[in-house]
Amino acid sequence: MLVRWNFKLKSCQLQQAKMSQWLITLKKHRNYALREREIGYNTNNQNADEPVNYAWGSYCDLKTRVEYGGYCPLTCPVLKHGVIPTDLNIALKTSSSVIKWDSASNIQIKVTTRLRHKLKHFSDISAVVLQGNILKLDTAFTNFWRHGQGFPRYLRTLNSFNYSPGQVKLKTIKDNYAIVYLPGIGNVKMHNSRDLTSIQSVRTCTIKRAGGYWFLSMLVQIPQELPKEKSISQIKSVVGIDVGVNKLVALSDGSFVENIRVTTNIKTSRRLTMRQRAISRKRQGSQNKNKAYARIARTQHKLAQHRDGYNWQAASKIVKTADAVGREDLNIKNMVKRAKPKRDGKGGYKRNGASRKSGLNKAILDCAWGDLFAKIAWLAAKSGKPVILVNPKHSSQECPQCRHTDKSNRSGEKFLCTNCGYTQHADTKASRTIVKRVGLVFPKNIKKTLPGDSRKVMPVKISLPMGGESRNHAYESLNIQLSLFDLTQYTVADNRISKRYGKTS
Ligand SMILES: [Zn+2]
């Protein structure tokens, strides 16, 4: 199995200075390469009199994102109008017997190799790191053409660089630390809390800078495999989770995971505002401004780590609760859209609650639901438990007892069914509606527009680093009724006291 392991580096000041210098050069290198491709695209070599280094052609459309025949000048050079590059060898593939144009990235890599003989800043950097830098730009273009992402940007800061597989070597492995060899940097000590002896091979490694600290992210091959996912007949219990802002998670067994509001609590949000204000007071381009930037970066890094650790604990608690996890198929991106402006018809605008909505958006983003879901999916995959997605429509308004759906059922934290009088904490109720939906069976002829619409059981697809198992096998026959927790117990009001996660609840 391929897994990504992250370690904090205990690099010395010299090494840190070197890596920082590398990042500056690599940023310029990438921006230069991007600019070069853009110039190639824009000028299109129409003018045969102009001296050109490489030959490019225009075979793509940036608006419709269509590449014609794979000859886009941004990714592949093509001769047009008989323009011969000043140095033909560099634009040709040398290895093959047939004459072929090389790809843009390969040409730029060749140019980079020449630069390494001329410039000290480039010769200091390991050749594979420079190549990886160009390949990263290629990935950015692939994301633009094929995966609907934005056009590659010019970077203001670059915070990471890559080593290709087999470059980074583990030198010494001790109980709580290890020494790795990074080509061009040297031997670097790192904190270790994993069993490094079990590594079969080290794949791509990334060095990252975050909040003034340095990290090594390793993709490694380990002998352990993920267990086979339990089939529906083996599942004895399901836990439904409802994520929210008030309580981070409400579980269908009546317990809660509190929202600690990592960045939006009063103390921290005030501190962040103060740090931000301090930056804006400093003179542009001064050393003090840089220091202020470093200070806020460190604060934000620490907060991110705090949230990360808390979400791991929450995910672990949820996955341990039952044999399967049911959650809503939320579209978080749509939930944090800004409030639409309201026109008053006289050329002005009415109040639209934009300030309140932006505050809510901040609170939602602070929860990091998507991150929590990813952690739950990973922990569930590691213990062979399925994660089931259900339609989130009206999950907070529907009565789990009589299925009466009404907006007035809910008032604040309380849920009171206007039809049958069922009462419950609103979030716990929502999680129980979710757990009911997991077990719901619908006739096959129901009109299905979106995967999440039919209330049929949907498996979560988690993206494993490479070659992950398909998680679809358990749900091919959709007409199986999942055995649930005894639902009658849910009709009794839960009188357990909710406490902060970590203590017994
Ligand atoms: Zn009811």
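Right above here is the structure, for reference.
A brief report on the enclosed structure follows. (Residues numbered from 1 in each chain as written. Predicted model: local features only at pLDDT ≥ 70, side-chain atom pairs only at ≥ 80, totals over all residues. Heavy atoms only, no water.)

Considerations on the packing of aromatic side chains
- For the structure on display, the rule yields six aromatic pairs.
- Summarising the aromatic geometry, the rings of Trp5 and Phe7 are spaced 6.5 Å apart at their centres and angled 90 degrees between planes, so their arrangement reads as edge-to-face.
- Given the relative accessible area of 3%, Phe7 is considered buried.
- Taking 5.6 Å as the distance between ring centres and 85 degrees as the angle between the ring planes, the aromatic pair formed by Phe141 and Phe151 counts as edge-to-face. Placement of the pair is Phe141 in helix α5 (residues 127-146) and Phe151 in the loop between α5 and β4 (160-163), with a sequence separation of 10 residues.
- What makes Phe141 buried here is its relative accessible area of 0%.
- An aromatic cluster is present here, built from Trp22, Phe161 and Tyr163 joined pairwise through their rings. (Phe/Tyr/Trp six-rings, centres within 6.5 Å; stacked < 30°, edge-to-face > 60°. Buried < 20%, exposed > 50% of the residue type's maximum accessible area, 1.4 Å probe, protein only. Helix = DSSP H or I, 4+ residues; strand = E, 2+ residues; numbered from the N terminus.)

Focus: the nonpolar core
- Ranked by size, the top nonpolar core spans 37 residues in total, and within it Phe161, Tyr163, Ile207 and Met218 carry the most contacts.
- Those residues in contact with Tyr163 that lie beyond four places of it in its chain are Trp22, Ser126, Val128, Val129, Val168, Leu182, Pro183, Ile185, Thr204, Cys205 and Ile207.
- With 33 residues, the next largest nonpolar core counts Val245, Val319, Trp369 and Leu379 among its residues. (Core = buried A, V, L, I, M, F, W, Y, C linked by side-chain atoms within 4.5 Å. Contact = heavy atoms within 4.5 Å.)

Describing the packing of helix α3 (residues 104-118) against α5
- Running from amino to carboxyl end, α3 crosses α5 at an angle of 150 degrees, the nearest separation of the two axes being 10 Å. Regarding the angle of α3 to α5, the classification is roughly antiparallel. Between α3 and α5 the crossing geometry is right-handed. For the pair formed by α3 and α5, the contact residues are Ser105, Gln108, Ile109, Thr112 and Arg116 on the first element and Ala127, Leu130, Gln131, Ile134, Leu135 and Asp138 on the second.
- A breakdown of the residues in the contact of α3 with α5 according to their chemical character gives five nonpolar, four polar and two charged. (Axes fitted to C-alpha atoms, helices over the stretch in contact; angles between N-to-C directions. Parallel < 35°, antiparallel > 145°, perpendicular 65-115°, else oblique. Left-handed = near helix turned anticlockwise from the far one by under 90°. Nonpolar A, V, L, I, M, F, W, Y, C, P; charged D, E, K, R; others polar.)

Thoughts on unusual backbone geometry
- Its identity as a non-glycine residue notwithstanding, Ala368 has a phi of 55 degrees, on the positive side.
- In this fold, Ala368 is placed in the loop between α9 (354-367) and α10 (369-382).

Some words on the pairing of strand β6 (residues 177-182)
- Of the two faces of β6, only one is covered, namely that formed by Ala178, Val180 and Leu182; the face formed by Tyr177, Ile179 and Tyr181 stays uncovered.
- Looking at chain direction, strand β5 (residues 169-173) and β6 are connected through four bridges and run antiparallel. If you follow Leu170 over to β6, its bridge partner there is Val180.
- With antiparallel pairing between neighbouring strands as the criterion, β5 and β6 make up a hairpin whose turn holds three residues.
- Here six bridges tie β6 to strand β7 (residues 186-191), and the two strands are oriented antiparallel to one another. Paired with Tyr177 across the strands is His191, a residue of β7.
- Linking β6 back to β7 in an antiparallel pair, the connection comprises three residues, with Gly184 at a positive phi of about 90 degrees. (Pairing = 2+ DSSP bridges.)

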